[in-house]
Amino acid sequence: MKILHVFNELKPSGGEAMMLSAASVWLNSDKHSILSTGDQVGIFSTTLENAGYTILHLPFRKNLSFFREFGALVLKGDYDIIHLHPERASVWQALAIRMFTSRTLPIVRTVHHLFRFDGRLRIQKILERQVMKHVLRVKFLSNSPSGKRNEAKRFHMDNELAPNWYDDRLFTPPSSEQRAAARKTLGWAPDTTVFISLGGNWAYKNYDLIVSALSRIPAALDVIYAQVGLQGEGAPLESLASETGVTHRLQCRGVVAETLPYLHAADAYLMPSSEEGFGVAAVEAMASGLPAILSDVEALCDFRETVEGIHFIDPTPESIATAMVKFVMMPGDQRIHLGTTQANTVKTHYGLASGPETYLQIWRTIISKQTHD
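Bear in mind the structure is a predicted one, so any value in this text is a computation, not a measurement. (Residues numbered from 1 in each chain as written. Predicted model: local features only at pLDDT ≥ 70, side-chain atom pairs only at ≥ 80, totals over all residues. Heavy atoms only, no water.)

Q: How do you make sense of the nonpolar core when you look at a structure like this?
A: The nonpolar side chains of a soluble globular protein tend to be buried with one another. Core analysis: the biggest nonpolar cluster contains 63 residues, and Trp26, Tyr53, Ile196, Tyr269 and Leu294 have the highest contact counts within it. For this core, the element with the highest residue contribution is helix α11 (residues 280-287), accounting for 7 residues. With residues up to four places along the chain from it excluded, the contact list for Tyr53 reads Met19, Leu20, Ala22, Ala23, Trp26, Leu27, His32, Ile34 and Leu48. The next biggest cluster of nonpolar side chains, apart from the first, holds 30 residues, and it includes Val6, Leu73, Val91 and Ile107. (Core = buried A, V, L, I, M, F, W, Y, C linked by side-chain atoms within 4.5 Å. Buried < 20%, exposed > 50% of the residue type's maximum accessible area, 1.4 Å probe, protein only. Helix = DSSP H or I, 4+ residues; strand = E, 2+ residues; numbered from the N terminus. Contact = heavy atoms within 4.5 Å.)

What follows is the structure, encoded as structure tokens:
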């Protein structure tokens, strides 16, 4: 198969991370290209290219020339299937494929987020999805039970469920020696309780609430919160920490080449998001042996059905602080046992033997059906 994946700007986020981990499964026999439609191709493009993907770039523009160029690119690539990932302009991209290609190509659209459109925009999105499904013959997928329910409730769609995944060869629990070495390298003392989050400081991630929670933790407790990812212009987390007197408890590590040493060195994973489409970073953390503290919101709450022992919280400083104190007071061997149990569970449900193979089956079924229609 020759498959074209269409993304926005390529960033180190959930969808792109899954593409990277699936390379070992998908690229053995099939050819995959990734088209970035962002203003910039994206900082994650080189990583994906090094993994074996062909990277293309066509910046999105709201004019007819873009869609002509997009259609020409699809036609020139002679692809067997097109996989659309962004919400932005997906209906127009599907229309361009139908208008500017010489044959009917199978098109798949994965809805990665829980879109809560209301009012006139919701009506517009209902119409777009119905046109894509019934007129443009686009196959819709959702990556979580919450996402599937949201699409049914808001947009009258019955998307097929294709859960996300992670690289279970890379993200594994550390040995005691690996953990000690990682903590030494990162400068974390053996008795310090380290909480960690992975990902950029986007508003819905609520990392500022974690910083606020640090001031509610008793001063006698030895606690560090490490945020790994983009902090944002003006260092807002560090500024908030300075204002609230918790600078000594916050470490913003920025974008790092490898996240695994940080996961191996930490004691618990924090994700107090207001919303998530799935929570790939949480799965990677649990797979690495970290017990998880997650917001009790859609998508993240889906893990209740598969993973025992997750501590669910409200995305408030008070709830976060209470959970952090609980984990600080928990004996270290109990935290490790809890993390190891969760790691075994997520491998069963979200490892490479699950998600990537599911997509292969979906693509092959669609192509076969399209060929015989």
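Moving on, there is more to tell.
Q: Hey, could you run me through the packing of helix α8 (residues 207-214) against helix α12 (residues 317-329) in this one?
A: The description of two packed helices rests on the angle between their axes and on the distance between the axes. The contact between α8 and α12 brings their axes to 8 Å, and the two run at 65°. α8 and α12 meet at a crossing whose hand is right-handed. Taken together, the residues of α12 that come into contact with α8 (itself represented by Leu209, Ile210, Ser212, Ala213 and Leu214) are Pro317, Ile320, Ala321 and Met324. Of the residues assigned to the contact of α8 with α12, the class counts are 8 nonpolar, 1 polar and no charged. (Axes fitted to C-alpha atoms, helices over the stretch in contact; angles between N-to-C directions. Left-handed = near helix turned anticlockwise from the far one by under 90°. Nonpolar A, V, L, I, M, F, W, Y, C, P; charged D, E, K, R; others polar.)

Q: Teacher, can you tell me more about helix α5 (residues 119-135) here?
A: Helical geometry: 3.6 residues make up each α-helical turn, so side chains three or four residues apart lie on a common side. Taking 1.5 Å of rise per residue, 17 residues should cover 24 Å, and α5 covers 24 Å from first to last C-alpha, within 8% of that figure. All buried positions along α5 are accounted for by Lys125, Ile126, Glu128, Arg129 and Met132. Buried residues in α5, looked at end-on, bunch into an arc of 165°, giving them a common side. Facing away from the buried surface of α5 by more than 90 degrees, the exposed residues are Arg120, Ile123, Leu127, His134 and Val135. As for α5, its buried residues are in contact with β4 (81-84), α4 (90-100), β5 (107-111), β6 (138-142) and α6 (145-155). Immediately downstream of α5, the backbone of Arg137 shows phi near 60°, a positive value. (Expected span 1.5 Å × (residues − 1). Arc of directions from axis to C-beta.)

Q: I tried to follow the sheet that holds strand β7 (residues 160-161) on my own but got confused; where do I start?
A: Note: strands within a sheet are paired through backbone hydrogen bonds, in either parallel or antiparallel orientation. An order of β3-β2-β1-β4-β5-β6-β7 is seen for the 7 strands of this open sheet, with the pairing classed as parallel. Both outer strands of the open sheet, β3 (54-57) and β7, are each paired with one neighbouring strand and no more. Bridge count between β4 and β5: 3 bridges; the pairing is parallel. In the strand pairing of β5, His83 is matched with Val108. Of the strands in this sheet, β1 (2-7) and β2 (31-36) touch helix α1 (residues 14-26), which is tilted by about 165° from β1. (Pairing = 2+ DSSP bridges.)

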